[in-house]
Amino acid sequence: MADKQISLPAKLINGGVAGLIGVTCVFPIDLAKTRLQNQQNGCRLYTSMSDCLIKTIRSEGYFGMYRGAAVNLTLVTPEKAIKLAANDFFRFHLSKDGQKLTLLREMLAGCGAGTCQVIVTTPMEMLKIQLQDAGRIAAQRKLMPQAVTPGGPVELKSPTAMQLTRELLKEKGIAGLYKGLGATLLRDVPFSIIYFPLFANLNNLGKKGGEGPAPFYVSFLSGCAAGSTAAVAVNPVDVIKTRLQSLTRGSQEDTYSGVTDCIRKILRNEGPTAFLKGAYCRALVIAPLFGIAQVIYFLGVGEYILSLLPKQNN
């Protein structure tokens, strides 16, 4: 992406369009991932992704699979735009006279992109997780009424993102929206360090004759492969982040004071395999999400949209 000069507005549009399309397609799988990661021993409602989705449809209806989607659809545009544009920015400034970046410089560019995106990612994930997990908590109240106790600042039957935001700001200020920031950094920075160099190298393999951009299908497959690989690699940290950001949980479920406390309790009570909960769901979410993002980016959708806008005469 470093060798393709695109204006900042076009980059933002590319990232936004890609995020909106991707989230719409894979959000139900992301909901299943969150619920699978949050359930602990003794309070297991779901046995697999398909079981979770089937039970969600039965108890909450089809649109129950899209709980929290509005938050993602609202914030995914700046999130994906920042991620892709920041990586492009760092790759451009780390390159020397247009020469191919070394692996270390590619990783540094990815690190910069991952660090920048958490400004939007952390509050987005914080709100999304509460909305996604609300159905699991409600189901526990019905099936195991003794297993759920109030655990968060919001005690609403069906909270909205705005209600959650107001309550979190009232109770804890801006820090309430950034709970789990450290865990989000621990997930997103390594993810970007793995994803962007891997994508760039896979994409370069598909260039015809080594010159010009790779075909769109190569960009799509490279994005899928790099995204799923990075997603599985950082899944243990994603489990930790999800647990730390959940405000309401069952009385028989552990609470955590921080990252190290979460790691210790998961290892002690659930074993190391718990860190892989939802890994295949996350791979299924991230693969098409980033595959679509790269296709949109390389097809130049942002440039095309900008070309349709009327130009102002000086």
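Notes on the structure in this doc start here.

Criteria and thresholds
- Residues numbered from 1 in each chain as written.
- Predicted model: local features only at pLDDT ≥ 70, side-chain atom pairs only at ≥ 80, totals over all residues.
- Heavy atoms only, no water.
- Helix = DSSP H or I, 4+ residues; strand = E, 2+ residues; numbered from the N terminus.
- Buried < 20%, exposed > 50% of the residue type's maximum accessible area, 1.4 Å probe, protein only.
- Contact = heavy atoms within 4.5 Å.
- Patch = residues over 30% accessible without salt bridge, like charges linked within 9 Å, V, L, I, M, F, W, Y side chains within 5 Å.
- Areas by Shrake-Rupley, 256 points an atom, 1.4 Å probe, with all protein chains shown as cover.
- Salt bridge = Lys/Arg side-chain N within 4 Å of Asp/Glu carboxyl O.
- Core = buried A, V, L, I, M, F, W, Y, C linked by side-chain atoms within 4.5 Å.

**Digging into the overall build of the protein**
Okay, step 1: Along its length, the protein carries 12 helices and 2 strands.
Okay, step 2: If you list the helices and strands of the protein from N to C, you get α-α-α-α-β-α-α-α-α-α-β-α-α-α.
Okay, step 3: Here the protein holds 314 residues, and 53% of them are scored as buried.
Okay, step 4: Contacts spanning at least 24 positions in sequence make up 80% of the contacts within the protein whose residues lie at least 6 apart.

**Observations concerning a nonpolar patch on the surface**
Okay, step 1: A cluster of nonpolar side chains, namely Phe216, Tyr217, Leu221 and Leu299, defines an oily patch on the protein surface of about 470 Å² accessible area.
Okay, step 2: With 3 residues, the top contributor of residues to the nonpolar patch is helix α8 (residues 216-233).
Okay, step 3: Its location among the elements puts Leu299 in helix α11 (residues 279-299).
Okay, step 4: Here Leu299 falls in the exposed class, since its relative accessible area comes to 56%.

**A word on the side chain of Asp238**
Okay, step 1: Take Asp238: it is sitting in helix α9 (residues 235-245).
Okay, step 2: Discounting residues that sit within four places of it in the chain, Asp238 has contacts with Lys33, Gln37, Arg187 and Arg282.

**Let's talk about the nonpolar core**
Note on soluble globular proteins: their nonpolar side chains tend to be buried together.
Okay, step 1: Core analysis: the biggest nonpolar cluster contains 37 residues, and Met49, Phe191, Tyr195, Ile286, Leu289 and Phe290 have the highest contact counts within it.
Okay, step 2: For this core, the secondary-structure elements that each account for two or more residues are α1 (8-38), α2 (49-60), α3 (69-94), α4 (103-143), α7 (181-205), α8 and α11.
Okay, step 3: By residue number, the principal contributor to this core is α11, which donates 10 residues.
Okay, step 4: For Ile286, the contacting residues outside a window of four places in its chain are Phe191, Gly227, Ser228 and Ala231.

Bear in mind that shape data such as this cannot, by itself, settle questions of function.
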